[in-house]
Amino acid sequence: MKIKWKEKEQDKKIVNKIMTMYKDASDSKAPFVEKWKENFKAYNGELFKRQTSRKSAGNAIPNHIFSTVETIKPIMFTNPPKSIVYPTSEDGFEKAIMVQEALDYEWNRTRLIPKILNGLTNGLITGTFIEGLFWDGKKNKIGEITPVLISPFNFFIDPMATDIDEAEYCMYATYKPLGELIKQYPHLKEDLVRNVTDSPDSDLTFGSEKTNAKNQLLYIECYFRDYATDSVIEEEDGEKYKVTKLKYPNGRRTIIAGDVLLSDGENPYKDGKFPFVAWKCYDVPGQFWGISEVEMLVSVQKEICSLYNDVIDNAHLNGNAPWVLDKNSGVDKGSITNDKGLVIRKNPGTEVRREAPPPMPAYIQNIINDLKYDIQVVSGVFDATRGERPVSITSGVAIQALQDSSQGRIKLKTQNLEYFLADLGSMWLSRMQQFWTLPRTIRIMGGDYKPNSMPLIIDGKEVYFKEVINDMIDGDFDVQIKTGSTMAVNKSARFEQILRMAQTPAEDGMPIADRRMVLEYSELENVDDIIKRFEEQAQINAEQQRIQQEQQVNLQMEQQRLNHAQSIENMQMNHQSQMEAKQLDIEGKMALQEQQNSLQSEVGMVDLNNITINDLIAYLKTLSEEELNKLIKQQPEIILILNRLQEISNGTTQEGTPEREV
């Protein structure tokens, strides 16, 4: 019993310590809490509603604060942020791909981006938003990493801190139902029941339906640095030494509900960091809480609404000018209205007239315009930022340049948001490396990592499933957010520039910007699928071209073969023709020779080439007339010889002398 009593006393001291830190942080935050409440009322317009009983009073709210906040948000979140994992050493490249897939899967599983977008609304209104990253599992059991959007109303930090990393403590406070706590801590049921409250703190439940909830307990999860030490005995080289070490080297975590201690021990996260990441709209040196967009515009917005409604009241009053009637006019005052075609009958000599309304002073409208411009100057959101074309500028290039310059303030907020997401990604990776001790299956949609398994096809996409444990993602990695990934800066001009680069060849003849770059800047979805279809079509075209080239080569080879065969055939035919011609020539000569021989045998012919003239004359004299005629028919050249001999004997060798026949 004494031991239990001592434990109770010790638990009570710890609870009191946490409540003391909670009160100190709450007191230091109180002035900011009042501003935040006013900022939320200004954002939704409640702050500018006129409290008057006059029915005709104007109550219009031209809420430029709401317009400013809602203009900044979509510009900062035009494209979803993309985390990129870089290995710190060359041998960690393969693991970095797996870490990238695991981190993308976790962000999709927890719907982190919509939560960040909601947190950004809080940040623009209050100046700060906090994201908590907790592990909801127990040791050696499957659990999940859980991101929690924490309202500034529910976050408490060391009053002296300007950053979470340098704070001595910070805590998350909210109200939780009794049943939920009993389910988690059944052994503390009796103590929890005694601490139930039906009137929770309205600040902790601001904007929540828990304001009137019952059976709630104040739940505080506190992380703080505890410098308590323990003496331990260490042995080195056979000798023992007494060494003093910190009892909680990674810090301490204590959880209470009401005045009940639920948990107390070392910070469960090995990275030694408090599980919170903060983003600030405007960071103020020397303080933790940032300044919001709304805070700087509230006073100007109040004046705009006041003057705007005064103008409306004046329009209502002057649009219904008063009537002046003599008492003896005979006109009942209740009979005068604003109806069209109204006819008024009065007594002669009396007056019935309507007063002319005074003109509205011009400076009132000028002041309203000046106040609207002041809101633009203070917020940095101008007409060009909202996509409106300035009246005095008509050039498209000038408008784009103006839009680019008008987003300077928003660019700075976007860079801070990217640093915030990078810190959150690094913390998330640390959680996976520490707690993913048991295999868990992640889904990979069309990533660069291709496990050794058959994919499923869902909506035309390849889907892989991969088992991952912390050994597969251990090591040192840097998580960064792609520069400009969350914001489109002068996107039209940038896309036109990319198109021109795609049409401009470089030194090697290839375009400066490739197809993937153009598609990525076009904001089309499923860029990888489009590129894959292009590659498949390119393979089909290449295969068709290869087949056509093979067919063309085969046709050329066949034509060459046919030409060669034709050439050989022609050569053979020519050779045969020549041989036949030669054969015919030989046969002809042989036939002629036979005829000559036959004639010689028949008429005693001789070879003229081998006899002399005297022999020929002697031979001819021996022939009869019939034999001579037959010889002349066979060898007509005998006539020429005879004529020539006749000319010589007559002395007629001159040219032109007719030959005489024999």
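Since we're looking at a predicted model, the values are computed, not measured.

A. Main features of the sheet that holds strand β3 (residues 145-150). Taken together, the three strands give an open sheet; going across it, the order is β3-β2-β11, and neighbouring strands pair in antiparallel fashion. Edge strands, defined here as strands with exactly one partner in the open sheet, are β3 and β11 (276-280). Pairs of neighbouring strands in the sheet enclose a mean axial angle of 20°, with direction left out of account. Two strands pair when backbone bridges link them, and strand β2 (residues 128-135) and β11 are joined in this way by five bridges, in the antiparallel orientation.

B. Inspection of the packing of aromatic side chains at higher detail. Summed over all chains, the structure comprises 22 aromatic pairs. Judged by centre distance (6.4 Å) and plane angle (50°), the rings of Trp 107 and Trp 428 are tilted. Here Trp 107 is found in helix α3 (residues 93-109), whereas its partner Trp 428 is found in helix α10 (residues 408-435), with 321 residues between them in sequence. For Trp 107, a relative accessible area of 5% puts it in the buried group. Owing to a relative accessible area of 0%, Trp 428 belongs among the buried residues under this scheme. Centroid distance Phe 134 to Phe 276: 5.8 Å. Interplanar angle 80°. Geometry classified as edge-to-face. With Phe 134 in strand β2 and Phe 276 in strand β11, the pair connects residues that are 142 residues apart, well separated along the chain. Of the two residues, Phe 134 and Phe 276, both sit in the buried class. A cation over a ring is seen here: Arg 431 above Tyr 269, with NZ or CZ 3.7 Å from the ring centre.

C. Representation of the state of the cysteines in the model. With the rule as written, the count across this model stands at zero disulfides. Left unpaired, Cys 170 is separated from the closest cysteine sulfur, that of Cys 222, by 7.4 Å. The exposure class assigned to Cys 170 is buried, which follows from its relative accessible area of 0%.

D. Here's a closer look at helix α8 (residues 362-379). Between its first and last C-alpha atoms α8 spans 26 Å; for 18 residues at 1.5 Å apiece the expected length is 26 Å, and the two agree. For α8, the full list of buried residues reads Ile 364, Ile 368, Leu 371, Ile 375, Gln 376 and Ser 379. Axial view of α8: buried residues confined to an arc of 145°, hence all on one face. For α8, exposure combined with an orientation more than 90 degrees from the buried face picks out Ala 362 and Tyr 363.

E. Quick look at the sheet that holds strand β6 (residues 216-224). The strand order β4-β5-β6-β9-β10 describes an open sheet built from five strands, whose pairing is antiparallel. Each edge of the sheet is formed by a strand with only one pairing partner; in this case those strands are β4 (155-157) and β10 (260-266). Neighbouring strand axes in the sheet, compared pairwise and without regard to direction, differ in orientation by 15° on average. Sheet topology note: the strand β9 (residues 252-257)/β10 ladder contains six bridges and is antiparallel. Pairing of Ile 256 across the sheet is with Leu 261, part of β10.

F. Representation of the pairing of strand β5 (residues 169-177) in the model. For β5, the buried fraction is high: eight of the nine residues fall into the buried class. Across three bridges, the pairing between β4 and β5 is antiparallel. When the sheet's bridge partners are listed, Phe 155 is paired in β5 with Tyr 172. Note: β5 against β6, nine bridges, orientation antiparallel. Note that in β6 the partner of Tyr 175 across the bridge is Leu 218.

G. Just the nonpolar core, in detail. Ranked by internal contacts, the top residues of the largest apolar core, which has 80 residues, are Ile 116, Phe 155, Ile 157, Phe 276, Trp 279, Met 432 and Trp 436. Looking at which element gives the most residues to this core, the answer is α10, with ten residues. In this structure, Trp 279 is in contact with Met 76, Leu 120, Gly 123, Leu 124, Gly 127, Thr 128, Phe 129, Lys 413, Asn 416, Leu 417 and Phe 420, ignoring residues within four places of it in sequence. With 18 residues, the next largest nonpolar core counts Tyr 22, Tyr 169, Tyr 175 and Leu 261 among its residues.

H. Representation of the pattern of salt bridges within the structure. Tallied over the full model, the rule gives 20 salt bridges. The partner of Lys 73 in a salt bridge is Glu 70, with the nearest N and O atoms 3.4 Å apart. Placement of both Lys 73 and Glu 70 in helix α2 (residues 64-76) is noted, with a separation of three residues, approximately one turn of the helix. Note on Lys 73: relative accessible area 13%, which makes it buried. Taken together, the shared-partner salt bridges connect Glu 106, Arg 109, Glu 144 and Arg 440 into one network.

I. Main features of a nonpolar patch on the surface. Taken together, Trp 323, Leu 342 and Ile 344 make up a surface patch of nonpolar side chains, about 220 Å² in accessible area. Within the secondary structure layout, Ile 344 lies in the loop between β12 (323-325) and β13 (352-354). Judged by relative accessible area, Ile 344 falls into the partly exposed class, the value being 32%.

J. Inspection of the pairing of strand β8 (residues 239-246) at higher detail. Relative to β8, strand β7 (residues 229-236) runs antiparallel, the two sharing eight bridges. The residue of β8 that forms the bridge with Glu 236 is Glu 239. Between the antiparallel neighbours β7 and β8 lie two residues, among them Asp 237 with a positive phi of about 55°.

K. Quick peek at the packing of helix α7 (residues 298-318) against α8. Orientation of α7 relative to α8, taken along the N-to-C sense of each, is 155°, at an axis distance of 10 Å. The orientation of α7 relative to α8 falls into the category roughly antiparallel. Between α7 and α8 lies a crossing of left-handed hand. Of α8, the residues touching α7 (which contributes Val 300, Gln 301, Glu 303, Ile 304, Leu 307, Tyr 308 and Val 311) are Ile 364, Ile 367, Ile 368, Leu 371, Lys 372, Asp 374 and Ile 375.

Reading guide: rules and limits
- Each chain has its residues counted from 1, running along the sequence as written.
- The predicted nature of this model means local features are confined to residues of pLDDT at least 70 and side-chain atom pairs, given and counted, to a pLDDT of 80 or more, with totals for whole chains, interfaces and linings taken over all residues.
- Side-chain metrics rest on all non-hydrogen atoms present in the structure, leaving aside hydrogens and water.
- Being paired, for any two strands, means DSSP has found at least two bridges between them.
- Only DSSP runs of H or I with at least four residues qualify as helices, and only runs of E with at least two residues qualify as strands; both kinds are numbered from the N terminus onward.
- To define axes, lines are fitted to C-alpha atoms, for helices over the stretch in contact only, and angles between the resulting N-to-C directions are given on a 0 to 180 degree scale.
- Two rings from Phe, Tyr or Trp (for Trp, the six-membered ring) form a pair when their centres sit within 6.5 Å of each other. Planes less than 30 degrees apart are called stacked, planes more than 60 degrees apart edge-to-face, and all others tilted.
- Burial classes: relative accessible area under 20% of the type maximum marks a residue as buried, over 50% as exposed, and values in between as partly exposed (1.4 Å probe, protein chains only).
- Only Lys NZ and Arg CZ are tested; either one counts as a charge over a ring when it is within 6 Å of the ring centre and within 35 degrees of the ring normal.
- Here, two cysteine sulfur atoms that lie within 2.5 Å of each other are counted as a disulfide.
- Expected helix span is given by 1.5 Å per residue-to-residue step, counting one fewer step than there are residues.
- Each direction from the helix axis to a C-beta atom contributes to the arc, which is the arc of those directions.
- We call a set of buried Ala, Val, Leu, Ile, Met, Phe, Trp, Tyr and Cys residues a nonpolar core when their side-chain atoms join them within 4.5 Å.
- Should any heavy atoms of two residues lie within 4.5 Å, those residues are counted as being in contact.
- The rule for a salt bridge is simple: a side-chain nitrogen of Lys or Arg has to be within 4 Å of a carboxyl oxygen of Asp or Glu.
- Residues forming no salt bridge and having over 30% relative accessible area are the ones grouped into patches, like charges within 9 Å of each other and nonpolar side chains (Val, Leu, Ile, Met, Phe, Trp, Tyr) within 5 Å.
- Here the accessible surface of atoms and residues is derived via Shrake-Rupley with a 1.4 Å probe, and residues count as covered only by protein chains that are part of the display.
- Each angle receives one of four descriptions, namely roughly parallel if under 35 degrees, roughly antiparallel if over 145, roughly perpendicular if within 65 to 115, and oblique otherwise.
- Take the far helix as your reference; a near helix turned counterclockwise from it by less than a right angle gives a left-handed crossing, and one turned clockwise gives a right-handed crossing.

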